Amino acid sequence: MQRPLAARLLTSLALTFGLALTGCSGSPEPPPKDTRAPTVPTGVTATAGSAGTVHVMWSAATDDRAVTGYEVYREGRKVKDLPAATVMTDIVGLAPATRYSFTVRARDAAGNVSPPSATVAATTLRATAEDRTPPTAPTALRATADGSRAATLGWTPSRDDTRVTAYDVYQGDTRVHTAPGAATTARVTGLRPGTAYAFTVRARDAAENSSPDSPRVELTTATAPGAPPNTAPGNLTATAVKGEITLTWTPPRTGAAVTHHELHLDGRFTTTIVWGTTPPPGRATYTFPVQDPPGTRYTVTLRAQLPDGTWGDFSAPRVVVVR
């Protein structure tokens, strides 16, 4: 028997309302699961630095989202977990005069791991009698920008009472590359366009004695197409006396007086240097107190506030030792 019209209408409305509720209460579609692994690290090298260490380096991998770390394997067994910004490491505690093989894999946030890189091998040096004499400092250091993201360094070899086994390249006070002891050149990658850099090189022998720093060399990488001119403060010097450090530099030319500079120590913001009146013409000077024990090392950089209120490029770094 056919139901009354009112009952049919109520049923229809209930069904329609129920469907509407079902459509509205559904949760948003979850983002697609990340199942794509990073690319394989390339350019992997292994260099014996002493009787017990090997230095491993590689070029950064890429990922459809982001690489979050690297895994280093020795003879197929993982020996290092490293953050994404690290593309070099020392493997220590090895046996003298022994051949070791290494591979590197990249990892992303979802836990996807790339296939292993090409296998590279290095043989640790033979153990020698106790050696406390460091090599001489490399000399005649020179640098050429290789486009906007790399630089090539060259130097005159060091001398040692046994032999030089490696050259360590430092950017400021941070080691960024290691070359074999027979090398007199190195290519440093991963630089930023239009950025000022300062490099030094130290020689190292089989006993891990390091030479003094070579003379410092500076360069500025090429700017990216369409980028504004470099705005870094120039000719920065840092001098320490007991209880204080004095900086001098040339402010960048911005078309207006530069009244504010930011001081960074070891890559961390420390203070803003402000002139309450018209800034001094030519070279600027700033002295600040330090309470750290003698021998403490700082890497100093500066950047200027531009007329539009933004902050410009960083100066080339300077390393200063507290007295």
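For the structure, check the block above.
Presented here is an overview of the structure given in this document. Since the model is a prediction, treat every value here as computed from it, not as a measurement.

## Here's the deal with the overall build of the chain
In terms of regular secondary structure, the chain is built from one helix and 21 strands. In terms of overall size, the chain is more extended than a compact globule, its C-alpha atoms giving a radius of gyration of 29 Å where 323 residues would be expected to give roughly 20 Å. For the chain, the spread of C-alpha atoms along the principal axes amounts to about 110 × 65 × 40 Å. Expressed as a percentage of the 323 residues in the chain, the buried residues total 40%. For the chain, the proportion of contacts with a sequence separation of at least 24, taken over those separated by at least 6, is 64%.

## Examining the environment of Gly111
By the secondary structure assignment, Gly111 is in the loop between strand E6 (99-108) and strand E7 (120-123). A relative accessible area of 46% places Gly111 in the partly exposed class. Separated by 121 residues in sequence, Gly111 and Ala232 have C-alpha atoms that sit 39 Å apart.

## Quick word on the sheet that holds strand E18 (residues 268-274)
An order of E18-E17-E20-E21 is seen for the four strands of this open sheet, with the pairing classed as antiparallel. Since the sheet does not close on itself, it has two edges, and those belong to E18 and strand E21 (318-321), each with one partner. Here the strands of the sheet are splayed against their neighbours by 30° on average, with no regard to which way each runs. Bridge count between strand E20 (residues 297-304) and E21: four bridges; the pairing is antiparallel. Paired with Arg297 across the strands is Val321, a residue of E21.

## Examining the sheet that holds E7
Sheet architecture is open: four strands sit in the order E4-E3-E6-E7, paired in antiparallel fashion. Looking along the sheet, the strands with just one partner apiece sit at the ends: strand E4 (77-83) and E7. Each neighbouring strand pair of the sheet contributes to a mean axis angle of 30°, computed without reference to strand direction. Where strand E3 (residues 67-74) lies against E4, six bridges are found, and the strand directions are antiparallel. Within E4, the residue paired with Tyr70 across the bridge is Leu82.

## Re the side chain of His264
Residue placement: His264 occurs in strand E17 (residues 260-265). The exposure class assigned to His264 is buried, which follows from its relative accessible area of 7%. Within the structure, His264 has its side chain in polar contact with the backbone nitrogen of Phe269 (distance 3.4 Å). Every residue in contact with His264, bar those within four places of it in the chain, is listed here: Phe269, Thr270, Thr299, Val300, Thr301, Arg303 and Phe314.

## Examining unusual backbone geometry
The backbone of Ala97 sits at a positive phi, close to 50°, despite the residue not being glycine. Residue class for Ala97 comes out partly exposed when judged on its relative accessible area of 38%. Not every positive phi belongs to a glycine, and Asn235 is a case in point at roughly 50°. Mapped onto the elements, Asn235 comes out in strand E15 (residues 234-241). The exposed category is assigned to Asn235, whose relative accessible area is 55%.

Criteria and cut-off values
- Residues numbered from 1 in each chain as written.
- Predicted model: local features only at pLDDT ≥ 70, side-chain atom pairs only at ≥ 80, totals over all residues.
- Heavy atoms only, no water.
- Helix = DSSP H or I, 4+ residues; strand = E, 2+ residues; numbered from the N terminus.
- Rg over C-alpha atoms; globule rule 2.2 N^0.38 Å.
- Buried < 20%, exposed > 50% of the residue type's maximum accessible area, 1.4 Å probe, protein only.
- Contact = heavy atoms within 4.5 Å.
- Pairing = 2+ DSSP bridges.
- Axes fitted to C-alpha atoms, helices over the stretch in contact; angles between N-to-C directions.
- Polar contact = N/O pair within 3.5 Å; in protein donor to acceptor, adjacent residues only side chain to side chain.

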